[in-house]
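Survey of secondary and tertiary structure
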Amino acid sequence: GQQVMQIPQYQHVQEGEDFTTYCNSSTTLSNIQWYKQRPGGHPVFLIQLVKSGEVKKQKRLTFQFGEAKKNSSLHITATQTTDVGTYFCAGNTGNQFYFGTGTSLTVIP
Amino acid sequence: DAEITQSPRHKITETGRQVTLACHQTWNHNNMFWYRQDLGHGLRLIHYSYGVQDTNKGEVSDGYSVSRSNTEDLPLTLESAASSQTSVYFCASSAQGIGNTIYFGEGSWLTVV
């Protein structure tokens, strides 16, 4: 079954509003990665978090790794139409790498 | 520049036919993966390989096979295509070890009629 769950599945926001997607694992993760897939495109690596409680920022994007290393979040401040796409988290559990189900973000101009 | 390419990019085939999707990477990566992507299911791992002659089943491997005869290529074969295998297929690769950045190909859109 699915090891890494992601919510929400879909999110529509007005341009300028904030957006957050959450990633939850039933087991402790060695690390977590985030990917973005533009409509019709392929997933592209955004960032990796390794340490418990780690927070990283990329311009308007803020990534967090939970203290227990079982959850993570991606927050986008003041969304823009270029943020449209599906955001996937992915993490190690054991010797495999599992992708979350993804959150599809629509930004309404 | 190193890259990962898939072919064909689009294919329509009939139920029962054997189909092979090619994947070629020039990153010299040990790890290669095949995923399928369907609405509501995200990216599901079909097969993966950690090196030449190594292949492993993922969570949705039934009806698919792979072979790894060299570092660069991991072809995915659908033995007898079924309509349930209509999907977008992504090949990916990463450097040796678990947890390295995964680089995806552009995807292959397969329709089984």
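Structure first, text after, so check above.
Owing to the predicted nature of the structure, the values given are computational and were not obtained by experimental measurement.

**Thoughts on the sheet that holds strand β8 (residues 76-78) of chain B**
All names here are of chain B. In space, the 4 strands of this open sheet follow the order β1-β3-β8-β7, with antiparallel pairing throughout. Strand pairing shows two members of the sheet lacking a second neighbour, β1 (4-7) and β7 (64-66), which therefore form its edges. Each neighbouring strand pair of the sheet contributes to a mean axis angle of 20°, computed without reference to strand direction. As paired strands, strand β3 (residues 19-25) and β8 are joined by 3 bridges and run antiparallel to one another. Looking at β8, one finds that Thr20 is bridged to Thr77.

**Points about the pattern of salt bridges**
Residues and elements named next belong to chain B. Within the structure shown, the criterion is met by 5 salt bridges over all chains. Between Arg36 and Asp38 there is a salt bridge, with its nearest N and O atoms 2.8 Å apart. We note that Arg36, like Asp38, is buried. Between Arg44 and Asp38 there is a salt bridge, with its nearest N and O atoms 3.0 Å apart. Through salt bridges with shared partners, one network takes in Arg36, Asp38 and Arg44.

**Section: the pairing of β3(B)**
Residue and element names in this part refer to chain B. Where burial is concerned, the two faces of β3 differ: the one with Val19, Leu21, Cys23 and Gln25 is buried and the one with Thr20, Ala22 and His24 is not. Bridge analysis of β1 against β3 gives 4 bridges, and the strand direction is antiparallel. Bridge pairing in β3 links Ile4 to Gln25.

**Regarding the nonpolar core**
The biggest cluster of nonpolar side chains holds 20 residues, and the ones touching the most others in it are Trp34(A) and Phe63(A). Of all the secondary structure elements, the ones that give two or more residues to this core are β3 (19-25), β4 (32-37), β5 (44-49), β7 (61-65), β8 (71-76), β9 (85-93) and β11 (103-108) of chain A. If near-sequence neighbours (up to four positions away) are discounted, Phe63(A) is found in contact with Trp34(A), Leu46(A), Ile47(A), Leu49(A), Glu54(A), Val55(A), Lys56(A), Gln58(A), Ser73(A) and Leu74(A). If you look at the next biggest cluster of nonpolar residues, it comprises 18 residues, including Val19(B), Tyr64(B), Tyr89(B) and Cys91(B).

**Observations regarding the interface of chain B and chain A**
In this complex, chain B contributes 20 residues to the contact, which on the side of chain A involves 20 residues. Here chain B and chain A share 0 salt bridges between them. Here chain B and chain A share 3 residue pairs in polar contact (both at pLDDT 80 or more) between them. With 5 residues, the top contributor of residues to the side of chain B that touches chain A is strand β5 (residues 42-51) of chain B. Residue composition of the side of chain B that touches chain A, grouped by class: 11 nonpolar, 7 polar and 2 charged.

**Some remarks on the state of the cysteines**
Any covalent bond linking the sulfur atoms of two cysteines counts as a disulfide. All names here are of chain A. Enumeration over the complete set of coordinates arrives at 2 disulfides over all chains. Here Cys23 connects covalently by a disulfide to Cys89, the sulfurs 2.0 Å from one another. Note on the Cys23 and Cys89 pair: the S-S dihedral is about 75°, so by sign convention the disulfide is right-handed. In this pair, Cys23 is assigned in strand β3 and Cys89 in strand β9, connecting sequence segments 66 residues apart. Looking at Cys89, the relative accessible area reads 0%, which means it is buried.

So, how was this worked out
- Residues numbered from 1 in each chain as written.
- Chains lettered and ligands numbered in written order.
- Predicted model: local features only at pLDDT ≥ 70, side-chain atom pairs only at ≥ 80, totals over all residues.
- Heavy atoms only, no water.
- Pairing = 2+ DSSP bridges.
- Helix = DSSP H or I, 4+ residues; strand = E, 2+ residues; numbered from the N terminus.
- Axes fitted to C-alpha atoms, helices over the stretch in contact; angles between N-to-C directions.
- Salt bridge = Lys/Arg side-chain N within 4 Å of Asp/Glu carboxyl O.
- Buried < 20%, exposed > 50% of the residue type's maximum accessible area, 1.4 Å probe, protein only.
- Core = buried A, V, L, I, M, F, W, Y, C linked by side-chain atoms within 4.5 Å.
- Contact = heavy atoms within 4.5 Å.
- Polar contact = N/O pair within 3.5 Å; in protein donor to acceptor, adjacent residues only side chain to side chain.
- Nonpolar A, V, L, I, M, F, W, Y, C, P; charged D, E, K, R; others polar.
- Disulfide = S-S within 2.5 Å.

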